8 protein chains.
Amino acid sequence: MIFKDDEIIVFAGDSTTDDGRMRPFAEGNNTLGMGYVRLVDSMLTVLYPENSFRIFNAGTSGDTSRDLLKRWDDEVLFLEPDWISIMIGINDIWRQMDRPQIKYRHVYPDEYRSNLEQMVTKSLPKVKGIIIMPPFFMEPCHDDWMRALTDKYHDIAKETAEKYGCIFADVQKYFDEYLKHRHSSSISWDRVHPGIIGSFIISRAFLSAIGTDRQLY
Amino acid sequence: MIFKDDEIIVFAGDSTTDDGRMRPFAEGNNTLGMGYVRLVDSMLTVLYPENSFRIFNAGTSGDTSRDLLKRWDDEVLFLEPDWISIMIGINDIWRQMDRPQIKYRHVYPDEYRSNLEQMVTKSLPKVKGIIIMPPFFMEPCHDDWMRALTDKYHDIAKETAEKYGCIFADVQKYFDEYLKHRHSSSISWDRVHPGIIGSFIISRAFLSAIGTDRQLY
Amino acid sequence: MIFKDDEIIVFAGDSTTDDGRMRPFAEGNNTLGMGYVRLVDSMLTVLYPENSFRIFNAGTSGDTSRDLLKRWDDEVLFLEPDWISIMIGINDIWRQMDRPQIKYRHVYPDEYRSNLEQMVTKSLPKVKGIIIMPPFFMEPCHDDWMRALTDKYHDIAKETAEKYGCIFADVQKYFDEYLKHRHSSSISWDRVHPGIIGSFIISRAFLSAIGTDRQLY
Amino acid sequence: MIFKDDEIIVFAGDSTTDDGRMRPFAEGNNTLGMGYVRLVDSMLTVLYPENSFRIFNAGTSGDTSRDLLKRWDDEVLFLEPDWISIMIGINDIWRQMDRPQIKYRHVYPDEYRSNLEQMVTKSLPKVKGIIIMPPFFMEPCHDDWMRALTDKYHDIAKETAEKYGCIFADVQKYFDEYLKHRHSSSISWDRVHPGIIGSFIISRAFLSAIGTDRQLY
Amino acid sequence: MIFKDDEIIVFAGDSTTDDGRMRPFAEGNNTLGMGYVRLVDSMLTVLYPENSFRIFNAGTSGDTSRDLLKRWDDEVLFLEPDWISIMIGINDIWRQMDRPQIKYRHVYPDEYRSNLEQMVTKSLPKVKGIIIMPPFFMEPCHDDWMRALTDKYHDIAKETAEKYGCIFADVQKYFDEYLKHRHSSSISWDRVHPGIIGSFIISRAFLSAIGTDRQLY
Amino acid sequence: MIFKDDEIIVFAGDSTTDDGRMRPFAEGNNTLGMGYVRLVDSMLTVLYPENSFRIFNAGTSGDTSRDLLKRWDDEVLFLEPDWISIMIGINDIWRQMDRPQIKYRHVYPDEYRSNLEQMVTKSLPKVKGIIIMPPFFMEPCHDDWMRALTDKYHDIAKETAEKYGCIFADVQKYFDEYLKHRHSSSISWDRVHPGIIGSFIISRAFLSAIGTDRQLY
Amino acid sequence: MIFKDDEIIVFAGDSTTDDGRMRPFAEGNNTLGMGYVRLVDSMLTVLYPENSFRIFNAGTSGDTSRDLLKRWDDEVLFLEPDWISIMIGINDIWRQMDRPQIKYRHVYPDEYRSNLEQMVTKSLPKVKGIIIMPPFFMEPCHDDWMRALTDKYHDIAKETAEKYGCIFADVQKYFDEYLKHRHSSSISWDRVHPGIIGSFIISRAFLSAIGTDRQLY
Amino acid sequence: MIFKDDEIIVFAGDSTTDDGRMRPFAEGNNTLGMGYVRLVDSMLTVLYPENSFRIFNAGTSGDTSRDLLKRWDDEVLFLEPDWISIMIGINDIWRQMDRPQIKYRHVYPDEYRSNLEQMVTKSLPKVKGIIIMPPFFMEPCHDDWMRALTDKYHDIAKETAEKYGCIFADVQKYFDEYLKHRHSSSISWDRVHPGIIGSFIISRAFLSAIGTDRQLY
């Protein structure tokens, strides 16, 4: 388990991270929205009640990597985290699909890589570690245009994690396992927003990645 | 153009037909919801202002073919239509995907065929004609579990139309053409609910099928 | 068909154009309100899915030509359009009828002509073309005070279009045809706001004027 | 002044009478809606404070003469009125204009005459008098289809009043005088619903007809 | 009748004048609230349709004469009225009764006289005339503390009107006549806010004072 | 102190008693509305925490003594009270003042006496005692029509209490003392509804009458 | 892991189980409220995607064991469960504390034992097994009146489980462990309603008790 | 009785004082929230109607002593009080319990003492006297972590009152007496917020402390 007592962990991301979090920033389980950040905070609290993990949700619905990079100093580093978790990129991809005519809102792979690298390199000197979670798409068919594109961004996220020694939590892998048994519509209307079941799948990836060494049951 | 002055046309279906129609039944353009039924009514009114087409929306969100059959006498034939349009089946399919554990709500192909045939045979003696639109899924990949299943129901709808001399309006074909150029997420979050753009696509199929002989522009 | 891939088209106007559009400006079909702008965008998307037309709704409810001229630079030219559609003037007329005592809100014919000419001459050097739609009133009787006045503004709009080589889309003509068969109250309470049926009538005029070369059905 | 202390006066009609009255029936100025019935009650209270006039609003929005006749016993005679005021018919006319395709909701002149006569003959033996106000349309042009039709119903109302010795309060005449000076849109969006200014015009006709013998100022 | 075509009349006052008027200032019958200002505007429109009276409601709920004086330049003279109507003072009195402990909100007779005189003297050079209506209290018993105090302010208003040649519209007199026949609770819960019946009583006083020379009926 | 542990006390009355109580009947401090019943319950709980007084609010807004008598068996005796408190009559009086024309809702003194006597005689055999509180009016001037009438009903309530050996809690006396120092508008808009300050005044009368033998401070 | 594919599991209980579940009964993750039932369903779905567990929430806020017993046939056995989970009793206890005066709503230990035994004996012949969870109170101090009483009911629940061979999931034990490290106010305002963190604690007990043999991370 | 006519009394504190008070500051019984401040104001008004006590509620929900000190000049001394009542500290304590991980929001005993002393010493030269009420916790068991901590802060408040000659109103003592007879849950869900019954308990302490020399009953 990599987190220690009194450490600050900031979760940066888009709507999957945000999920209705309180604004402006606040601390405490009930400020964290209804998604994976709150599930993770709740489980860590139950598993390690003798420790205080100070968890912040810095997700903002609709963010692309470009948007997140713009607010990185003011909303992520500003919180003086010990650890940062990043899950970003699906809106970089999705806007190319659902709003093809609005090109200035598209963030293509090269810019994505650059945005992610800037977040990492700005932060590394100030934190104990970074967890990168790739964008995921709940679609098993790799021929789907959007899954194919998501695979590209997934690889960029993974390569970036490896290049800078970050922890990589492969969320897509856990979703792919689930999708061998059930259709995506059993979790999500749009294959992007995870709902509570999908948030547990993300939590699996995250809790494994940080070396959680106590079990719930 | 098959419809004549003062004829009654009833659109039976599920949420794609319903789309927020007024309850209880009422007549008039503003009672028809925001979907393809209202688009079709509006366009026919503009194109043939000297005729009165009495159009009713008998769609009910969430209906499977089993549900629609149950209310067929009371909510469709009750209206004494000259023409009936049927678009049903996607919920027969979808529930097998998104609620796999709730088996009593699944309607499998054999029952679908039987339900549809009962609607048709009950109605044929009383109406001038029936238009059948198959269920559609906005997914071009035929390997997708749900598209593959939709293809089966599509064929059943088509076979039923042919067997009983109904008009078949192939909605799926028009969606497939569109999806060669744009990703499904440009129209719909869940690949089922069409939004206004998808409703125009359905209208294309419907207006062609009924032999509309005047153009908008 | 005069529009090309990736071109920006801005619809300027009053409440008939606005019809509940999103504020502040945004792009995408669901930001365009519920009137003719959304219908036109939807139909063009369905007819030409391989092209991206970037359509903006710059209508503002209640605007006279004087109001529209004031915001022309900031809200129309600011969007760097390739094409501009203008439908303005009914509030210039209506205020003389429904608020006779509030004279400073009346815009008389001479000022209307001047306002419209300024919009056109400011824009011509920067765009590929301008479509002018005259104000219309859903009243067939030319003796009606308001119809008689609308006819004057209609002529000014037409003369302006001709003088500057703009495309003129004669909306009133399409409404007059409809009103030969049905009373105005079948579309509109106030003979000004078109509802969805009236919006289709406007779309007829517009789609014809721009040379739409594919049919829906 | 025909009304005496403690007499009950019931106003029967459609939305112009109703205008948001309280449901179920109640007595007292604040239960009478925001239309001419409340204005009349208020002015009579101010002019004759030593008398108690028990005024009921029995208007129901949307009513045709057919609808009003159906509820005549239960909602008008049930109140045991000394005087009845009737203003009905505009929806008999309007539905022929705004919903031409829904013919079963049209009430043609012969039925209108019959409905009105039945209301009168049922009531005459039980009351001290009946005031009939004809349907009116705020349109000065008699060529307008709806005004022309309203003129027919107006004449039927007048003939019925004369035939049975009822008081006839010619509301249309007062509106026509007003419309010599101002356009209908200065009072009403749809030329049917009067707003507060139109309600004063109706009150003029009514207060004159009942022989009001004190002035406000 | 003192008002002429195209003249501006501003009604200054407190909640009895305000009565829900639109904010910020606007012109037109529907912006005038639901009190005597709208009644007066409606009746003048009906009686003199060939004239345009531009009526503004500048009442503000809760205002004492001290508050009204503060906003006199910005909200009354700013409108460049031809005529001003002032009804102010009841809150000067009422706060002494209902909030005896909050003395800084009390406005005593001397200050009231001074405030009213300042409003008048500032305005007289710029307008054609001023109508003063005194504060009124719907209580016939002169021994009541609040009625006794209102009588004092009434006299001050009257003396001010006489001193400066203003028109004095004695609202209290009309209420006193009414209260000979009915208890105050038949109009008002608190003996201050007039409701629609009380608003007609105020209108009586006002319309008489301005020499209205046409009758409603 | 007349109440003992586990006894049931029911407060019957009109809006002054009701004051927003929960419906249907429930027990517990938070079900008792915001008026004197809750204040009395709260103070008794604080003063006698070792005892359980089961207090019910059976007030209904708008009730006259006629209305209360009708529901006496079903809503008062039904609760099997040990003690009953009755405060009724103000609506018997008030309707004569504020709705003079609606005579069937007036309850005159003879009927009031009869109604009250029936409540008492029906109940006496089943309870340990009855507390009667007279209707009160927050107006010191006995010449006021409504105060004069309230005095009559007050005397009837007092006589009834004496005749049947009930406890009489003279609420009016406490209000009169208060009104020597402050105007009624410092407590109440309409001189009937007491607000929280008036509710304390009622509580004074009630707590004195039941012989409360512990002090708050 | 005791549950098998396609088995029905019903969770009976009070507000801790209910937690905002959909009404009337429905199946599917999003119908299960926001408490431990949804957490358990979500985790089982993620852990065993190849199985369908049909989970129903039959909790009702405010229920005592007496209330639950009354609806046992209609709302629990009616669902034909394979497994039943029961967590009931805290309201039996709480009402003795927070509403001491309302004795008929108190359920004392003997009745609690009897109620619970009846639920178990009625059900055992029809199900594969029963899980009993005792009522819990988030208070470590056994001297607290309510904790002391909860201990009694806990023992009754445990004895009943042992007597009838039910699975006993000792929720209180998991809460007591947590409360060694943190004050109850870190989870719950009232020490009864668990919030999401407390719901995870209940889930720990439940998932352990049913022999969950796969781990989340 | 220490308060005199026309004196200003300001109640400073947290949510127990605030209890929904109006914002921004206003005077008058109905601006004081629903807690003990309004009860005290109401009782003093009833008991001493010939005096005007100008009571302000300066409580702010959530305030610790640190927060209150920050706004002391602007929101307490700004009001120029003759008397100040201070009840602060429970949030200093509670945050250590319910948000153990958010340490910067904890206010430990030394800082509490310092904060309180600064409020007192800043104010003493400007006022006639200060009433200090200690923070209280509705828990009789002194072993409870939060009660034990509250006892410490209670002692600090008491010592501060003694050191500076302030009046000390021992609220906790009154609650402890009540809790000998009833469980805390009969007043409060969280043992902190008092509800109306707890507000009467606070009022007992306060009214005793200020030497109230008239009784309610």
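Residue indices follow the written sequence of each chain, beginning from 1 at its first position. Whichever chain is written first becomes A and whichever ligand is written first becomes 1, with later ones labelled in order. Reporting in this predicted model follows two pLDDT cut-offs: at least 70 for local features of residues, and 80 or more for side-chain atom pairs to be given and counted; totals over whole chains, interfaces and linings ignore these cut-offs and use all residues. Based on all heavy atoms of the structure, the side-chain values leave hydrogens and waters out of the count.

**Regarding the overall build of chain A**
At step 1: By the criteria applied, helices consist of DSSP H or I runs no shorter than four residues and strands consist of E runs no shorter than two, each listed in order from the N terminus. When helices and strands are tallied, chain A shows nine helices and five strands.
At step 2: In sequence order, chain A lays out its α and β elements as β-α-α-β-α-α-β-α-α-β-α-β-α-α.
At step 3: Values of the radius of gyration come from C-alpha atoms, whereas the globule rule sets the reference at 2.2 Å times the count of residues to the power 0.38. Against the 2.2 N^0.38 benchmark of 17 Å for 217 residues, chain A shows a C-alpha radius of gyration of 16 Å, consistent with a compact globule.
At step 4: Taken over the C-alpha atoms alone, chain A extends approximately 50 × 40 × 35 Å along its principal axes.
At step 5: Contacts: residue pairs with any heavy atoms within 4.5 Å of one another. Sequence-distant contacts in chain A: of pairs separated by 6 or more residues, those separated by 24 or more amount to 77%.
At step 6: Carbon and sulfur atoms provide 50% of the accessible area of chain A, an area that totals close to 7,400 Å². What sets the accessible areas is the Shrake-Rupley method with a 1.4 Å probe; for residues, cover comes only from the shown protein chains.

**Here's the deal with the relation of the copies chain H and chain F**
At step 1: Superposition of chain H onto chain F requires a rotation of 180° combined with a translation of 0.0 Å along the rotation axis, giving an RMSD of 0.0 Å. Here the two chains are linked by the operation of a two-fold rotation axis. If distances are taken from each C-alpha of chain H to the rotation axis, the shortest is found for H:Gln215, at 3.8 Å. Superposing copies: least-squares fit, C-alpha atoms only, residues required to have pLDDT of at least 70 in both.

**Looking at helix α8 (residues 171-179) of chain F**
At step 1: Relative accessibility under 20% of the residue-type maximum defines a buried residue, over 50% an exposed one, and the middle range a partly exposed one, all with a 1.4 Å probe and only protein chains included. Within α8(F), the full set of buried residues consists of F:Val171, F:Gln172, F:Tyr174, F:Phe175, F:Tyr178 and F:Leu179. Angularly, the buried residues of α8(F) cover 160° about the axis, an arc narrow enough to put them on a single face.
At step 2: Structurally, α8(F) contributes buried residues whose contacts are with α7 (145-163) of chain E, β3 (83-87), β4 (129-133), α7 (145-164) and α9 (195-209) of chain F together with α2 (36-47) of chain H. The directions considered for the arc run from the helix axis to the C-beta atoms.

**Details of the sheet that holds strand β2 (residues 54-59) of chain B**
Residue and element names in this part refer to chain B.
At step 1: Reading across from one edge, β2-β1-β3-β4-β5 is the order of the five strands in this open sheet, with parallel pairing throughout. Each edge of the open sheet is held by one strand with a lone partner, namely β2 and β5 (167-168).
At step 2: The axes are straight lines fitted to the C-alpha atoms, using for helices just the contacting stretch, and the angles between their N-to-C directions are given from 0 to 180°. Against the sheet, helix α9 (residues 195-209) contacts β1 (8-13), β3 (83-87), β4 (129-133) and β5, and its axis sits at roughly 150° relative to β4. Strand pairing is assigned whenever DSSP detects at least two bridges linking the two strands.

**Examining the interface of chain G and chain A**
At step 1: Contacts between chain G and chain A engage 28 residues on the former and 28 residues on the latter.
At step 2: The quantity reported as buried area is the accessible area (1.4 Å probe) lost by two parts once they are put together, taken as the sum for both. It is G:Phe200, G:Arg204 and G:Tyr217 that lose the most area in chain G upon contact with chain A, and together they represent 26% of the buried surface on that side.
At step 3: What counts as a salt bridge is simple: a side-chain nitrogen of Lys or Arg found within 4 Å of a carboxyl oxygen of Asp or Glu. At the surface where chain G touches chain A, the tally comes to zero salt bridges.
At step 4: Two N or O atoms form a polar contact when they lie within 3.5 Å of each other; inside protein one atom must be a possible hydrogen donor and the other a possible acceptor, and for residues adjacent in sequence the pair counts only when both atoms belong to side chains. On inspection of chain G and its partner chain A, the count reaches twelve residue pairs in polar contact (both at pLDDT 80 or more).

**Comments concerning the interface of chain H and chain F**
At step 1: The interface is formed by 28 residues belonging to chain H together with 28 residues belonging to chain F.
At step 2: Here chain H packs against chain F, burying approximately 2,900 Å² in sum over the two surfaces, 68% of which is carbon and sulfur.
At step 3: Broken down residue by residue, the surface that chain H buries against chain F is led by H:Phe200, H:Arg204 and H:Tyr217, which jointly contribute 26%.
At step 4: At the junction of chain H with chain F, the criterion picks out zero salt bridges.
At step 5: Our count for the contact surface shared by chain H and chain F stands at 13 residue pairs in polar contact (both at pLDDT 80 or more).
At step 6: At the level of elements, α2 and α9 (195-209) of chain H are the ones that each hand at least two residues to the side of chain H that touches chain F.
At step 7: Just so you know the grouping, Ala, Val, Leu, Ile, Met, Phe, Trp, Tyr, Cys and Pro go in nonpolar, Asp, Glu, Lys and Arg go in charged, and all remaining residues, Gly too, go in polar. When the residues that make up the side of chain H that touches chain F are grouped by side-chain class, the tally is 14 nonpolar, nine polar and five charged.

**Some remarks on the relation of the copies chain G and chain A**
At step 1: Note on the copies: chain G fits chain A at an RMSD of 0.0 Å, the axial shift is 0.0 Å, and the rotation between them is 180°.
At step 2: Same-surface contact between copies: 100% of interface residues of chain G are shared with the interface of chain A.

**Topic: the packing of aromatic side chains**
Any pair of aromatic rings gets described here by the distance separating the centres and the angle formed by the planes.
Residue and element names in this part refer to chain A.
At step 1: Aromatic rings from Phe, Tyr and Trp, with only the six-membered ring used for Trp, were paired whenever their centres fell within 6.5 Å, and each pair was classed as stacked if the ring planes differed by under 30 degrees, edge-to-face if by over 60, and tilted otherwise. Within this structure, the stated rule accounts for 76 aromatic pairs over all chains.
At step 2: Ring centres 6.4 Å apart and planes at 40° place the aromatic pair Phe-3 and Phe-206 in the tilted group. Placement of Phe-3 in the segment before β1 (8-13) and of Phe-206 in helix α9 (residues 195-209) is noted, with a sequence separation of 203 residues between them.
At step 3: The exposure class assigned to Phe-3 is buried, which follows from its relative accessible area of 2%.
At step 4: Its relative accessible area of 0% is what places Phe-206 among the buried residues.
At step 5: Through pairs of rings, three or more aromatic residues link up here, namely Phe-3, Phe-11, Tyr-36, Tyr-48, Phe-53, Trp-83 and Phe-206.

**Re the sheet that holds strand β4 (residues 129-133) of chain E**
The pairing of strands in a sheet happens through backbone hydrogen bonds and is either parallel or antiparallel.
All names here are of chain E.
At step 1: One open sheet holds the five strands; their spatial order is β2-β1-β3-β4-β5, and the pairing between them is parallel. Because the sheet does not close on itself, it has two edges, and the strands there are β2 (54-59) and β5 (167-168).
At step 2: Where β4 meets β5, two bridges bridge the pair, whose relative direction is parallel. Bridging from a neighbouring strand, Ile-131 pairs with Ile-167 of β5.
At step 3: Packed on one face of the sheet, helix α2 (residues 36-47) meets β1 (8-13), β2, β3 (83-87) and β4 and runs near 175° to β2.
At step 4: In the packing of helix α6 (residues 109-123) onto the sheet, contacts are made with β3 and β4, and the angle to β3 comes to roughly 180°.

**Examining the pairing of strand β1 (residues 8-13) of chain F**
Residues and elements named next belong to chain F.
At step 1: Of all six residues in β1, six are buried, a share of seventy percent or more.
At step 2: Because side chains alternate across β1, one face comprises the buried residues Ile-8, Val-10 and Ala-12, and the other comprises Ile-9, Phe-11 and Gly-13, equally buried.
At step 3: Sheet topology note: the β1/strand β2 (residues 54-59) ladder contains six bridges and is parallel. What sits directly across from Ile-9, in β2, is Ile-55.

**Let's talk about the pattern of salt bridges**
At step 1: Following the criterion strictly, the structure yields 144 salt bridges over all chains and no others.
At step 2: In this structure, F:Glu139 engages E:Arg191 in a salt bridge whose closest nitrogen and oxygen atoms are separated by 3.7 Å. In this pair, F:Glu139 sits in the loop between β4 and α7 while E:Arg191 sits in the loop between α8 (171-179) and α9 (195-209), so the two residues belong to two different chains. For the pair F:Glu139 and E:Arg191, one class covers both residues: buried.

**Digging into the environment of H:Asp144**
At step 1: Mapping H:Asp144 onto the fold places it in the loop between β4 (129-133) and α7 (145-163).
At step 2: Residue classification places H:Asp144 among the buried positions, given a relative accessible area of 7%.
At step 3: Sequence-distant contacts of H:Asp144, that is, excluding residues within four places in its chain, are made with G:Glu139, G:His183, H:Phe137, H:Glu139 and H:Arg191.
At step 4: Side-chain polar atoms of H:Asp144 contact the backbone nitrogen of H:Arg147, separated by 3.0 Å.

**Details of the side chain of C:Glu139**
At step 1: Owing to a relative accessible area of 2%, C:Glu139 belongs among the buried residues under this scheme.
At step 2: A polar atom in the side chain of C:Glu139 sits 2.7 Å from the side chain of C:Arg191.
At step 3: When sequence neighbours within four positions are dropped, the list of residues in contact with C:Glu139 reads C:Asp144, C:Arg147, C:Leu179, C:Arg191, D:Asp144 and D:Arg191.

**As for the packing of helix α2 (residues 36-47) of chain B against helix α9 (residues 195-209) of chain C**
At step 1: For the pair α2(B) and α9(C), the least separation of the axes is 9 Å and the interaxial angle reads 60°. Regarding the angle of α2(B) to α9(C), the classification is oblique. When you trace α2(B) past α9(C), the crossing you get is right-handed. On α9(C), the residues touching B:Arg38, B:Leu39, B:Ser42, B:Met43, B:Thr45, B:Val46 and B:Leu47 of α2(B) are C:Ile196, C:Ile197, C:Phe200, C:Ile201 and C:Arg204. Our angle categories are set so that under 35 degrees counts as roughly parallel, over 145 as roughly antiparallel, 65 to 115 as roughly perpendicular, and the remainder as oblique. Each crossing gets its hand from how the near helix is turned against the far one by less than a right angle, where anticlockwise is left-handed and clockwise is right-handed.

**Let's talk about the pairing of strand β4 (residues 129-133) of chain C**
At step 1: Counting buried residues along β4(C), five of its five residues qualify, which places the element largely inside the surrounding structure.
At step 2: Looking down the strands as they point away from the viewer, one classifies a crossover as right-handed if the path from the first strand across the helix to the second runs clockwise. In terms of handedness, the path from β4(C) via helix α7 (residues 145-164) of chain C over to strand β5 (residues 167-168) of chain C forms a crossover that is right-handed.

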